Every structure is written in structure tokens, then in C-alpha cells.
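Chains, contacts and geometry: an overview
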Amino acid sequence: MTNKMFATVAELAGCVHNGSKLAVPKDLSGVAMQATRELVRRGVRDLHLVCVPTGGIQADILIGSDAVRTLETSAISLGEFGSGPRFAEAIRAGTLMMRDATCPAVYAALQAGEKGIPFIALRGLIGSDVMKHRSDWKVIDNPFAANDPIAVVPAIQPDVCMFHAPLADRSGNVFVGRQRELITMAHASRETLVTVEAITNANLIDDDARAGAVLPAIYVSHIAVAKRGAQPLALGNLYPDDEATLARYAMLSRTSDGFRQFLEEWLSQDLVEA
Amino acid sequence: MTNKMFATVAELAGCVHNGSKLAVPKDLSGVAMQATRELVRRGVRDLHLVCVPTGGIQADILIGSDAVRTLETSAISLGEFGSGPRFAEAIRAGTLMMRDATCPAVYAALQAGEKGIPFIALRGLIGSDVMKHRSDWKVIDNPFAANDPIAVVPAIQPDVCMFHAPLADRSGNVFVGRQRELITMAHASRETLVTVEAITNANLIDDDARAGAVLPAIYVSHIAVAKRGAQPLALGNLYPDDEATLARYAMLSRTSDGFRQFLEEWLSQDLVEA
Amino acid sequence: MSGFSRTELLVAVIARLLRGCNHVAVGASSPIPGSGALLARSLSEGQMRVSVLGSQRNNFFTNGGVELFDLAAEGRIDAFFLGGGQIDGRGNINLVGTGGYPRSEVRWPGSFGSAYMYFLVPRVILFREEHTRRVMVPQVDFVSAPGSSEGVHRPGGPFAMLTALALFYFDRERRRFRLASVHPGHSVEEVRDNTGFEFDCAAIVPETPGPDETILTRIRGPIREEIAEVYPRFAAKLAAPRDPSQPAAPPVV
Amino acid sequence: MSGFSRTELLVAVIARLLRGCNHVAVGASSPIPGSGALLARSLSEGQMRVSVLGSQRNNFFTNGGVELFDLAAEGRIDAFFLGGGQIDGRGNINLVGTGGYPRSEVRWPGSFGSAYMYFLVPRVILFREEHTRRVMVPQVDFVSAPGSSEGVHRPGGPFAMLTALALFYFDRERRRFRLASVHPGHSVEEVRDNTGFEFDCAAIVPETPGPDETILTRIRGPIREEIAEVYPRFAAKLAAPRDPSQPAAPPVV
């Protein structure tokens with residue numbers, strides 16, 4: 001089992017099949033951009049992309065590459081570089097099955113997935129158009145109180161989730177630090193693909209200080225080393241955003257031709273060495 | 001706020017009021033035994049004790065001291081030293097309002113409390129006498145599937161929870177390590193009382209390795225230093241069970257007189273110095 | 001306006017709106033609300049906690065992204081900020097887009113946590129600098145989150161709305177905004193001309209009080225330094241007084 | 001019985017029952033199931049994971065006490081052990097007590113996670129050394145968890161029952177135990193005399209095969225050393241061959 005756990009980035013990306021329900025984290029939590037490049041290179045199609053709970057350049061690129069059929073997210077945003085142009089264009093063109101969500105609903109639905117319960121209740125939502133357009137969400141009466149309607153959302157159990165983390169060990173345990181939503185996401189997903197900056201010889205679970213922030217190997221399908229694997233996005237305190245590339249993306253991707261130009265440049269890049 | 005955060009063990013125990021719904025962790029997770037001694041010394045009464053998810057010598061002593069009116073737990077056990085004698089006696093005498101639970105229901109109900117949702121669904125349970133005797137639990141139809149009855153349990157939001165941890169910092173952040181149920185418990189509780197082995201000058205939240213296993217100060221009402229504060233129970237890798245005392249408790253507490261004798265000895269003990 | 005920039009005014013007003021809060025949370029892309037919250041904390045003499053999303057120094061969360069939302073539902077967040085591509089007179093906000101749904105002609109990022117936080121946080125401050133009829137509309141095209149609710153558990157909702165022109169309070173009984181003050185250099189007429197909905201308004205509307213020297217010194221000193229951790233470019237502009245133009249991106253969760 | 005103790009036999013039988021599992025979880029107070037699981041793992045050539053509650057070395061949980069139960073619901077635990085102060089012929093187990101409820105005359109610790117794990121783990125092994133009519137009753141006084149269910153999501157349930165006398169399989173269709181083998185030195189009659197419920201039984205019941213020398217060497221060597229981390233006193237006894245008496249505490253979650 002552990003023998004097969006370690007893969008190349010391309011092999012790892014090969015485990016995201018066409019039509020998969022794929023969960024990916026928000027920009028600050030460790031986005032597997034190198035692995036995403038392999039996905040695009042391979043021409044993955046028909047993804048049901050679940051952004052946990054929002055997406056950025058990764059989602060916008062996947063959408064622009066026609067890799068996404070269904071998009072479930074609370075937002076797509078390039079942060080200070082504005083909205084996601086390919087996302088907005090796909091919305092205008094009507095090529096996306098859009099499932100607008102709200103952040104806590106994505107988290108709660110993944111927690112339900114993690115707990116193996118079919119649904120979970122959530123406050124708020126009632127009376128919003130977000131709720132109105134989610135035919136897969138319902139309002140029920142709180143069984144424990146009178147006159148208390150409450151929203152319930154079905155569990156999200158992705159086929160696969162993919163993220164980038166600072167460190168794994170040789171047994172396949174992954175240190176995620178403060179980004180605990182990565183643990184929830186992996187618990188809820190059938191398969192978990194992780195790219196990491198480095199692999200340590202120490203056992204991360206044995207480390208009393210870190211253990212509470214480690215995703216155990218039992219949840220992890222494959223790990224690949226990808227130095228600076230989140231770039232152009234930041235990874236925790238390890239490296240900041242590559243602002244030039246993000247700005248260039250925001251500018252070029254306003255047009256379909258510009259997006260294609262960015263993609264060509266990006267796909268032809270060699271792996272960045274640390 | 002931070003000024004008042006640090007208290008003596010007796011002051012801290014003084015924040016558990018008669019009639020409170022008090023949540024405490026299982027034996028291996030960090031039981032605040034020194035603080036419990038102060039509770040007994042003070043003669044606390046009418047507690048609704050929630051064991052997360054089971055209790056041991058702490059619960060048995062509180063029950064034997066007539067401190068508990070309602071007991072919500074998945075089990076009371078002294079581990080290899082057998083059942084809880086004062087618990088069994090109180091059951092025979094009918095002096096406890098007993099709410100037998102099952103471990104995952106206690107955790108799930110606290111997670112619901114943490115999330116501010118009024119209830120949470122849980123698999124299993126249906127057809128057990130545990131369910132049958134919990135008039136506060138219900139079975140509903142899964143709103144997302146036909147012919148799928150499922151149990152729902154109401155959230156647990158304790159008035160106060162109390163536990164013992166290895167380390168806090170001067171801002172009131174508490175390191176709990178692998179014992180993440182302590183974090184859930186504190187999130188769900190209105191007040192959180194923590195005794196610790198030591199206080200560090202470092203800021204625990206700033207420590208990337210530990211941060212994922214830290215309970216932030218915003219949830220913490222009071223902290224008291226209690227060296228070897230879980231004894232006679234173990235605390236992680238820091239110290240093992242005091243087996244002699246646990247065995248003595250198991251033996252003496254079989255009779256009401258023996259229990260009183262143990263209590264006298266225990267209450268007259270000086271604080272153990274590390 | 002003299003002696004202070006619009007940004008400094010807004011930061012000062014926000015700090016006033018947060019008085020008495022125990023815990024203020026600030027979402028992403030919110031430099032002015034973040035600065036206001038940090039200022040409020042510095043004035044609270046240790047009584048206030050502030051969580052700034054994206055900050056390391058002012059963010060104590062250890063339970064992943066869900067913690068902010070769990071805190072809100074537990075009643076542990078007293079104030080929060082929301083924006084809106086559109087805001088209407090009943091306090092409804094739209095962060096999704098205009099011109100149809102789901103095939104919107106103009107599509108914004110999305111609702112973020114608004115469909116939840118707006119219901120649960122007692123003191124939600126709507127912050128949107130752009131005060132035009134494009135933003136302040138008779139009725140939003142898409143309700144990311146409604147301004148009020150009936151028959152639903154809702155401890156939270158709109159408390160005030162702050163724009164480049166004025167400060168409004170939201171009257172939860174009447175479900176309408178009431179103009180509280182107009183910023184120096186602007187008038188009630190200008191506010192009315194630029195607002196696409198009706199609002200309540202007393203015969204005499206005071207001018208929004210600006211920051212005094214003590215407050216200005218704090219903003220330009222320690223607050224600027226603190227906010228620079230998350231918003232370095234914003235902080236650089238904050239250092240230069242009397243800069244009337246600031247980026248107008250709506251604050252989001 | 002010759003050449004091996006009862007404990008060694010039970011450990012070996014458990015390891016056989018776990019063959020083909022990817023992940024076996026062992027609850028508290030379960031030295032024999034724990035040893036059996038560790039033996040099964042050592043025979044699996046790296047294919048099996050074992051989680052032993054209370055162990056540091058063989059416990060990878062990092063999400064607190066809830067993780068075991070979440071894993072079960074996710075279908076990530078293939079086998080688990082339960083005991084029972086009482087067990088009846090339909091596989092119902094009682095961990096709560098006898099003589100009335102809630103004022104039970106005899107009160108045991110409680111149901112632990114049984115009312116959940118029994119529903120969700122495909123291969124639940126009931127392990128109770130004491131095989132008497134006191135334990136094996138016609139009907140349990142309190143159903144901590146039922147042996148079978150109708151119209152309820154239930155991927156899990158009883159797979160086998162192992163006692164000091166015999167091994168049973170549970171037939172989920174017929175909802176009855178079937179005697180699979182009788183341990184060396186015991187007879188079908190003895191089993192019947194000590195069982196308070198009916199069970200299925202072929203005309204000829206084989207003897208439970210004991211551990212061979214290879215297995216015994218593993219049990220007395222590496223397995224004993226591994227289990228000593230959690231159960232040092234049990235491990236000490238395991239070292240001494242042919243010790244027929246072992247503590248009979250029911251295994252619990």
C-alpha cells in the first residue's frame with residue numbers, strides 16, 4: 001500500500017477521472033496548482049468541482065479549459081485581482097451547471113460527509129435566493145421545537161479531493177497545520193491526492209506537538225512532491241503569492257485569446273525548482 | 001479580561017454552580033481531578049453531568065458525593081479496575097436521573113452545539129433500548145431519501161466544561177494535543193474551565209506546529225495551574241495512572257463507608273507537587 | 001473635509017459603530033473595516049477581540065475555515081461586515097450578479113458567507129464605498145441574503161450602512177434605513193440623488209463627526225502598522241493623509 | 001489442549017476471522033482482540049491497518065474521540081469487537097445491566113459505542129470468554145444494540161461470536177448463530193449446556209484449529225511485545241504458555 005502511495009505529480013493528477021466530483025480548497029489553504037496544470041495538460045473533462053468553500057485562479061483556469069461541468073462554490077474570486085473572468089464568461093455563456101452555495105453550507109455538508117450522515121441542518125439561508133435556487137437543499141421543521149423552520153443540506157462526499165501541503169512523512173501522513181478544513185475534506189472524500197513541498201523521515205503522528213494537525217495516511221491515496229506546488233498562490237508562511245503571475249492572469253484571461261495565451265505559457269513552464 | 005483569566009484551582013471550581021450542566025472528558029483525555037476535589041470539598045449539588053463520552057473515577061466520586069442529579073453518559077467505568085461502584089449503587093437506589101447514551105451520539109450532539117444547530121442526525125441507534133429510553137431523541141425520515149428513517153439527537157450546549165491540559169500560554173490559549181474532543185467540548189460550552197500543568201511565555205497560536213491543536217483563549221473562561229492535576233489519572237505521555245490509588249478507590253468504594261473513608265483521605269491530601 | 005482623508009473618516013466611523021463589542025470579525029478583502037476594527041480594539045482598553053481573515057497576527061482560529069461560522073452561530077461574534085454589488089432599501093444584499101440567474105449578464109464572485117452571517121451576527125455593518133444608483137437599487141436582482149426575515153431564527157441582521165457619502169442605521173422594526181449623518185463635504189440631497197430607494201430622514205441630519213487628532217495619530221501610526229500585515233498596499237496609502245480615492249471593492253466574507 | 005494456552009488459541013482464531021480486512025479497530029479493555037488484530041496484521045504482509053484504542057503506537061487518530069465513529073460511518077473500518085454482559089440468540093447484546101431499567105439491580109458500565117458500531121461495521125466479532133447461561137441468555141434484559149434490523153440503513157452487524165468454548169458464525173438471513181467449531185477439550189454438549197438460546201449446528205462440528213508453531217512464535221514474540229504497550233499485565237501472562245485462566249472482562253468500545 002505504502003509502496004504505491006508515492007507518485008509523480010502527473011500520476012497523481014491521473015487519479016482525477018473525467019466526471020469526478022473533485023473538492024479543492026480555497027486559495028489560502030494550499031491549492032495544488034502544479035497538479036492542476038497536469039489536469040489541464042491531460043484535458044480532464046466534466047468535473048463536478050466543489051470549492052471549499054470558494055475558488056480562485058485554479059477554478060477559473062479549470063473552467064476556462066472546459067474541464068468543469070458542474071460548479072458548486074460560495075464564490076470565485078481572484079482576491080485583489082478581481083473576479084474570475086473565465087467564470088463570469090462561462091456564466092454568461094450558460095455552459096456551467098451552477099450551484100451557488102454559502103461558505104458554512106459547504107463546510108457543514110463536508111462535515112456531514114465526514115460523519116457519514118446523509119444531511120445536516122444549518123441556520124440562515126431561508127429567504128435567500130441562494131436557497132431558492134438549490135433544489136437539492138430543503139427546509140424542514142426542527143423536530144425539537146415548534147415553529148422553527150431550518151435549512152438542511154445533503155452531505156457532500158467527493159469522489160476525490162486534491163490539495164497542496166507543506167509536509168508528509170514516509171508512511172503517508174500529511175501535516176496540514178491550521179488548515180483543518182483539509183482534514184474535513186479528506187475525511188469526507190473517497191480518495192485524497194496530496195502534493196507536498198517535502199517528505200520527512202520522522203513520523204508525523206508520533207510528534208505530540210504536530211499530531212493534532214496531521215491527516216493520517218489511511219485517508220491518503222497518493223502523495224507527490226511538488227516544490228512550490230501552490231505557486232502562483234501562496235503557501236502559509238513558506239512563500240507568498242506570485243503577484244506578477246496573478247496580475248498577468250487577471251489581465252490576459254479577460255479575453256478568450258488572452259486566456260489561451262496564458263495557458264500556453266503556463267503549460268510550457270518547467271516545474272519551478274525551490 | 002486576561003487579568004481575570006488566571007485563578008486558583010478553588011476559584012476555578014467555584015465557577016461550576018449548583019445545577020449546572022457540566023461536561024467532562026473521558027479518562028484518557030485530561031480529567032481535572034484536582035479541580036474535582038475542590039468541587040467535592042465545596043459540596044456542589046444538582047449537577048447535570050455530561051461525560052464526553054464516558055466517565056471514570058471522577059464521575060463515580062461526584063455521584064458518590066451526591067453532586068449529580070442527572071447523568072448523561074455512554075458508560076461509567078474504572079477501566080481495568082471494574083465498574084463504578086458508586087454509580088451502580090446510585091442506579092440501584094434510583095437517585096440518579098439516568099440518560100444512557102452512546103459515544104458517537106455524545107460527540108455528535110456536542111458538534112451540533114459547537115455549530116449552533118439545534119440537532120444532528122446519526123446512524124445506528126434505531127431499535128436499541130438506548131434510543132427507546134431517550135425521550136429527548138427522535139427518529140425522522142431522511143428528507144433526502146425515501147424509506148430511510150434516521151435518529152436525530154438535540155445539540156448539547158453545556159453551561160460549563162472542565163478539563164486538564166498540559167499547557168496554556170499567558171493569553172489564555174490552551175494546548176490540547178491529540179485530544180481534539182476537548183476543543184469541540186469547549187466550543188459547545190458557554191464557559192470553559194481549564195487546569196494545566198504549566199504556563200508558557202510563548203504564544204501557542206503563533207506556533208505553526210502546535211496551532212492546529214490549540215484551544216483559543218476566546219473560548220476559555222478561567223485557567224488554573226494544577227501540577228499533576230489529573231492524578232490519580234494519567235495525562236498523555238506526561239505521567240501514568242496512579243494505579244495504587246485507583247485500585248484503592250475501586251476496593252474502598254464498594255461500600256458507602258469505604259467510599260467515605262477514601263473521600264476523607266483524598267480531601268485531606270495536600271496538592272501534589274510535581 | 002479637512003485634516004483627514006475619506007478613508008480615515010470611514011475607519012473612525014467604523015470604530016465608533018463597534019463600541020461595546022466583545023468580538024469583531026472581519027472578512028476577506030476588507031482593509032477599511034479591518035482598520036476600523038483594529039482602531040476600535042485599541043480604544044477598548046483590552047475589552048475587544050478582533051479576528052481579521054487572512055491575518056496571522058490577528059486571527060486566532062485553529063479549527064479551519066468553519067470556525068468563523070461556528071463562532072457566529074454560538075453567538076460569539078458581535079459584529080461583522082458585509083458589502084454588496086447591489087443593496088436595496090430593505091437591506092437585501094446581492095453579491096451574485098445582475099441580469100438574470102443563473103445566466104447573469106454581470107457575474108460577481110458569489111454570496112460567500114453572507115446567506116448565513118447576516119442572519120446570525122447581531123451587528124452587521126454594510127460597508128460599500130460606492131454610493132450610486134447602480135449600487136443602491138430599489139430591489140436587488142438576486143438576494144444573496146435578505147435584510148430581514150419572518151418566522152425564522154434570526155438573532156442577527158443589518159445594524160448600519162456606511163458609504164462614501166453617509167452613515168445610515170437600519171430600523172429593524174420598520175425594515176428601512178434611516179440616514180444618521182452625512183459625511184463632511186456632502187449633502188442630504190446628494191445622498192438622495194444617488195440612492196435608488198426610499199429611506200427615513202430627520203428634518204436636520206448632522207454631519208458625520210471626523211476623527212480627532214488622537215484618533216488620527218492612532219490611525220496613521222499603530223493601526224496602519226497593524227493592517228499592513230494583511231493589506232500592505234492599503235497601509236502605504238493610509239500613511240499619506242488626504243487621499244480621497246480608495247479602491248472600492250465590496251467587502252466580502 | 002496441548003502446546004498452547006486458551007488465550008493463544010483465541011488470539012489465533014481472531015486473527016483468522018480478520019483475514020482480508022483493510023482496517024481493524026479495537027476498542028478499550030480488549031487485550032485478546034487487540035493481540036488477534038496485531039497478529040492478523042503481521043500475517044497480512046502490510047495489507048492491514050490496526051487501530052488500538054489506548055495505544056500510542058498503533059493509533060493514528062488525530063481528530064479526537066469522534067474519529068473512530070466517523071471512520072465507521074464512512075465505511076473505513078472493516079472489523080470491530082463488541083462484548084456483552086448478556087448476549088442472546090438473535091445477536092442482541094446488553095452492556096447496561098439486568099433487573100429493570102433504569103433502576104437496574106446489576107448495573108454494568110453502559111453501552112459505549114455499541115448502539116452505533118454494531119450497525120455500521122461489516123464484520124463485528126462478538127468476543128466474550130465467559131460462556132455460561134448467565135451470559136448466553138434467551139433474551140437480553142436491555143438491548144444496547146440489536147443483532148439485526150429491518151428497514152434501517154445497516155451495512156454492519158454480527159459476523160462471528162468467539163467464547164472460551166467455541167466459535168459461532170452469525171447467519172444474517174436466519175438471524176441466528178451457527179456453531180462453527182468447538183475448541184479443543186470441549187464438546188458440543190458442553191456448549192449446548194452452557195447456552196441459554198437455540199443455535200444452528202451441523203451433525204458433525206469440527207474442532208477449532210489451534211495455532212501452529214509459526215503462529216505461536218509470533219504470538220509469544222512480537223505480538224506480546226506490541227500489546228505490552230497497552231496491556232502490560234496481560235502481555236506478561238501471555239509470555240507464560242498454557243495459562244488457561246484470563247481475565248474475563250467484556251470487551252467494550
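Counting restarts for each chain: residues are numbered from 1 in the order of the written sequence. Written order decides the labels, with chains lettered from A and ligands numbered from 1. Per-residue local features of the predicted model are confined to residues with pLDDT of at least 70, and side-chain atom pairs are confined, for both listing and counting, to 80 or more; whole-chain, interface and lining totals are unaffected and use all residues. Remark: hydrogens and water are excluded; side-chain values derive from all non-hydrogen atoms of the structure.

1. Quick notes on the domain arrangement of chain A
All names here are of chain A. Each domain's limits were defined by an automated method or a database of domain assignments. The domain architecture assigned to chain A consists of domain 1 (3-107 + 156-267) and domain 2 (119-154). Its C-alpha centre places domain 1 at a distance of 29 Å from the equivalent point of domain 2. The interface is formed by 8 residues belonging to domain 1 together with 8 residues belonging to domain 2. By definition, the buried area sums, over both parts, the 1.4 Å-probe accessible area that each loses when the two are put together. Each partner contributes to the roughly 580 Å² buried at the junction of domain 1 and domain 2, and carbon and sulfur atoms together form 62% of this total. Interface area lost by domain 1 to domain 2 is led by Arg-99, Asp-100 and Ala-105, which between them contribute 53%. Put simply, a salt bridge is a Lys or Arg side-chain nitrogen that is within 4 Å of an Asp or Glu carboxyl oxygen. On the surface where domain 1 and domain 2 come into contact, there are 2 salt bridges. Throughout this description, a polar contact denotes any pair of N or O atoms lying within 3.5 Å of each other; where both atoms belong to protein, one of them has to be capable of donating a hydrogen while the other can accept it, and for residues adjacent in sequence the pair is counted only when both atoms sit in side chains. Summed over the shared surface of domain 1 and domain 2, the number is 4 residue pairs in polar contact (both at pLDDT 80 or more). Counting from the N terminus, the helices are DSSP H or I runs at least four residues long and the strands are E runs at least two residues long. At the level of secondary structure, the elements contributing two or more residues to the side of domain 1 that touches domain 2 comprise β4 (97-100) and α6 (103-115). For this analysis, residues touch if any pair of their heavy atoms sits within 4.5 Å.

2. Remarks on unusual backbone geometry
Here the amide bond leading from B:Val52 into B:Pro53 is cis, since omega sits at -10°, within 30 degrees of zero. Of note, the amide linkage connecting B:Gln231 to B:Pro232 takes the cis form, showing an omega dihedral of 10°. By the secondary structure assignment, B:Pro232 is in the loop between β12 (222-225) and α9 (243-252). Phi angles above zero are rare outside glycine, and C:Ser29 is one such case at about 50°. Tracing the chain through its elements places C:Ser29 in the loop between β1 (23-26) and α2 (31-43). Residues other than glycine seldom take positive phi values, yet C:Glu45 does so here, at roughly 55°. When you line up the elements, C:Glu45 lands in the loop between α2 and β2 (49-52). To sort residues, take the accessible area from a 1.4 Å probe on protein chains only and compare it with the maximum for the residue type: under 20% means buried, over 50% means exposed, and anything in between is partly exposed. A relative accessible area of 73% places C:Glu45 in the exposed class.

3. Description of the pattern of salt bridges
Inspection of every chain in the model, using the stated rule, returns 56 salt bridges over all chains. Across the pair B:Arg41 and B:Glu38 runs a salt bridge whose closest N-O atoms are separated by 2.7 Å. Taken together, the residues span about one helical turn, with B:Arg41 and B:Glu38 both in helix α3 (residues 33-42) at a distance of 3 residues. B:Arg41 sits in the partly exposed class, given a relative accessible area of 40%. Between C:Arg174 and C:Asp200 there is a salt bridge, and its shortest N-O distance comes to 2.8 Å.

4. Description of the environment of B:Thr95
All names here are of chain B. Relative to the helices and strands, Thr-95 is located in the loop between α5 (85-93) and β4 (97-100). Remark: the alpha-carbon pair of Thr-95 and Phe-259, spanning 164 residues in sequence, is separated by 17 Å. Beyond its immediate sequence surroundings of up to four residues, Thr-95 is in contact with Arg-69 and Ala-90.

5. Topic: the packing of aromatic side chains
Note on ring pairs: Phe, Tyr and Trp rings are taken, using the six-membered ring of Trp, and paired if centres are within 6.5 Å. Classes follow the plane angle, with under 30 degrees stacked, over 60 edge-to-face and the rest tilted. In total, this model carries 26 aromatic pairs over all chains according to the counting rule given. Ring geometry for C:Phe159 and C:Tyr169: centres 5.7 Å apart, planes at 75°, overall edge-to-face. With C:Phe159 in strand β10 (residues 158-162) and C:Tyr169 in strand β11 (residues 166-171), this pair connects stretches of sequence that are 10 residues apart. Assessed through its relative accessible area of 26%, C:Phe159 is described here as partly exposed. Chaining the aromatic ring pairs together yields one cluster made of C:Phe168, C:Phe170, C:Phe177, C:Phe197 and C:Phe199. Note on geometry: a ring has a charge over it if NZ (lysine) or CZ (arginine) is within 6 Å of the ring centre and within 35 degrees of the ring normal. One residue, D:Arg154, lies across the ring of D:Tyr118, its end atom 5.1 Å from the ring centre.

6. Concerning the sheet that holds strand β4 (residues 86-88) of chain C
Residue and element names in this part refer to chain C. Two strands pair if DSSP finds at least two bridges between them. Reading across the sheet, the 3 strands line up as β5-β4-β9 and stay open at both edges, with mixed pairing between neighbours. The two strands at the open ends of the sheet, each matched to only one other strand, are β5 (93-94) and β9 (136-137). As defined by bridge partners, β4 adjoins β5 across 2 bridges and the pair is classed as antiparallel. Counted as the bridge partner of Gln-86 is Asn-94 from β5.

7. Details of empty space enclosed by the protein
Where empty space is left in the structure can be found by rolling a water-sized probe over the atoms. We place a 1 Å grid over just the protein atoms. Points where a 1.4 Å probe fits but has no way out form a cavity, open points with protein on both sides within 12 Å along at least 5 of 7 lines form a pocket, and any residue with an atom within 4 Å of a point lines it. Grid points are joined across faces, edges and corners, and a volume is the space filled by probe spheres set on the points. Inspection of the entire model under this criterion finds 3 cavities of 30 Å³ or more. Lining the largest cavity we find 21 residues, and of these A:Gln111, A:Arg180, B:Gln111, C:Asn63 and D:Asn63 sit closest to its centre. For the lining of the largest cavity, the secondary structure elements donating two or more residues are α6 and α8 (181-188) of chain A, α6 (103-115) and α8 (181-188) of chain B together with α3 (66-73) of chain D. By volume, the second largest cavity is sized at about 60 Å³. Around the second largest cavity, the lining residues are A:Gln111, A:Glu114, A:Lys115, A:Ile120, B:Gln111, B:Ala112, B:Glu114, B:Lys115 and B:Ile120. For the lining of the second largest cavity, the secondary structure elements donating two or more residues are α6 of chain A together with α6 of chain B.

8. Let's talk about the interface of chain C and chain A
Each partner contributes residues to the interface: chain C has 36 residues there, and chain A has 40 residues. Contact between chain C and chain A buries roughly 3,100 Å² in total, counting both sides, with carbon and sulfur atoms accounting for 58%. At the surface where chain C touches chain A, the tally comes to 3 salt bridges. Across the chain C-chain A interface, the total number found is 15 residue pairs in polar contact (both at pLDDT 80 or more). Here the side of chain C that touches chain A takes 5 residues from helix α4 (residues 114-120) of chain C, the largest share from any one element. Classifying every residue of the side of chain C that touches chain A gives 17 nonpolar, 14 polar and 5 charged. For this classification, Asp, Glu, Lys and Arg are treated as charged, while Ala, Val, Leu, Ile, Met, Phe, Trp, Tyr, Cys and Pro are nonpolar and the rest, including Gly, are polar.

9. A look at the interface of chain B and chain D
By convention, interface size is frequently given as the accessible area that disappears when the constituent parts associate. Contact residues are listed per partner, giving 41 residues for chain B and 37 residues for chain D. For the pair chain B and chain D, the summed buried area comes to about 3,100 Å², and 58% of that belongs to carbon and sulfur atoms. The interface formed by chain B and chain D includes 3 salt bridges. When the shortest N-O distance is used, the salt bridge between D:Arg233 and B:Glu80 registers 2.5 Å. Here chain B and chain D share 15 residue pairs in polar contact (both at pLDDT 80 or more) between them. Put simply, the parts of the chain that give the side of chain B that touches chain D at least two residues each are α5, β4, α6 and α7 (129-132) of chain B. Here the element with the most residues in the side of chain B that touches chain D is α5(B); it accounts for 5 residues. In terms of residue class, the side of chain B that touches chain D is made up of 18 nonpolar, 13 polar and 10 charged.

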